[in-house]
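Examination of the molecular architecture
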Amino acid sequence: MAKILLVEDDIDLATTVVDGLQDERHVVELATNGNDGAYLLQLEEFDIIILDWDLPGKSGVEIAKQFRASGKKTPIILLTGRTLIDHKEEGIESGADDYLTKPFDIRELKMRIKAILRRASGGTGNQICIADLMLDPAKYKLTKSGTDVHLAPKDFALLEFFMRNPDQVFSVQSIMSRVWSYDSDASSEGLRSAIRRIRKVIDAAEDPTHSMIENVARVGYRLNSSG
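We now turn to the structure provided with this report. (Residues numbered from 1 in each chain as written. Predicted model: local features only at pLDDT ≥ 70, side-chain atom pairs only at ≥ 80, totals over all residues. Heavy atoms only, no water.)

1. Looking at the overall build of the protein chain
Selection rule: Secondary structure is summarised from DSSP: a helix means a run of H or I of at least four residues, a strand means a run of E of at least two, and numbering begins at the N terminus for each. A 1.4 Å probe rolled over the protein chains alone gives each residue an accessible area, and that area as a share of the maximum for its type sets the label: buried under 20%, exposed over 50%, partly exposed in between. We call two residues in contact whenever any of their non-hydrogen atoms come within 4.5 Å of each other.
In terms of helices and strands, the protein chain carries 8 helices and 11 strands. Across the 227 residues of the protein chain, 51% fall into the buried class. In the protein chain, the share of contacts with a sequence separation of at least 24, taken over all contacts with a separation of at least 6, comes to 56%.

Here it is in structure tokens:
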């Protein structure tokens, strides 16, 4: 059971989401405009935040940016009718951890929430250490040279997959089927965007030409365990 904030101005959709999540015994608080949603985030603590992109008052992206600027790390799922990969990447860059494209099946939203809660409760293995990276799936924690760094849940899952299978080459389709099998929005372009975001976090800034995640021409990707 989780305490969830839903910020959504479409009343029919909001009712469907609230009813569906309450069926899973979650406690859901609803705001129907961006200003009220931002205000609730100042007053209360939540386990998960679900934001519509286009809202009266502040947009979901504005709320996410302000929330992250305050130093808070509660997982954010962004609901959006925008389908271009640039829009989705903008949402992730704003501080959202995941996105779901409208229209969506409530079962898919439930799966996203379950995946986030499973990570928070320690539902997967032990610490994995490669080069200067330490990834702890149980605590949803990633450090580089001892310093905490942040990745969105989908990107974290992708890096975890690579770190559990170092030096092995995987095709794009293989990666998507193993890591993002639940995600109806998974695509090769989305995978490339995720790898770019991960590289920004894990690679040495002083050598932008080298990456731990290597592109193997006409085959796929692998994580080089030597760093």
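Structure shown, so let's carry the discussion forward.
2. Section: the pattern of salt bridges
Quick reminder of the rule: By salt bridge we mean one thing: a side-chain nitrogen of Lys or Arg within 4 Å of a carboxyl oxygen of Asp or Glu.
In this structure the tally under the stated criterion is 15 salt bridges. A salt bridge links Arg112 to Asp98; its shortest N-O distance comes to 3.0 Å. Of this pair, Arg112 sits in helix H5 (residues 106-120) while Asp98 sits in strand E5 (residues 98-101), and the two are 14 residues apart along the sequence. On the accessibility criterion, Asp98 (3% relative accessible area) is buried. Residue Arg112 is joined to Glu108 by a salt bridge in which the shortest nitrogen-to-oxygen separation is 2.9 Å. Highlighted residues: Arg112 and Glu108, both in helix H5, separated by 4 residues, approximately one helical turn. Each of the two residues, Arg112 as well as Glu108, counts as buried.

3. Things to note about the sheet that holds strand E7 (residues 133-136)
Neighbouring strands of a sheet are bound in pairs by backbone hydrogen bonds; such pairs are parallel or else antiparallel. So the rule is basically this: Paired strands, as defined in this entry, are two strands with at least two bridges between them according to DSSP. A fitted line through C-alpha atoms represents every axis, and for helices the fit uses only the stretch in contact; the resulting angles, taken between N-to-C directions, go from 0 to 180 degrees.
One open sheet accounts for 4 strands, arranged E6-E7-E8-E9; its pairing is antiparallel. Two strands close off the open sheet at either side, each with one partner strand: strand E6 (128-130) and strand E9 (147-149). Strand-to-strand twist of the sheet, defined as the mean angle between neighbouring strand axes without regard to direction, takes the value 25°. In terms of strand pairing, strand E8 (residues 141-144) meets E9 through 3 bridges, oriented antiparallel. Residue pairing for E9: Leu142 is matched across the bridge by Val149. Along the sheet face, helix H6 (residues 153-164) touches E6, E7 and E8 and points at about 115° away from the line of E7.

4. Notes on the nonpolar core
One recurring pattern in soluble globular proteins is that nonpolar side chains are buried together. Rule in force here: Note on terminology: a nonpolar core comprises buried Ala, Val, Leu, Ile, Met, Phe, Trp, Tyr and Cys residues joined through side-chain atoms within 4.5 Å.
In this structure, Leu158, Leu159, Phe162, Met163, Ile175, Ile213 and Leu223 are the most contacted members of the largest nonpolar core, which totals 27 residues. Elements that contribute at least two residues to this core include exactly E6, E7, H6, helix H7 (172-179), helix H8 (188-202) and strand E11 (220-223). Sort the elements by how many residues they give to this core and H6 lands first, with 7 residues.

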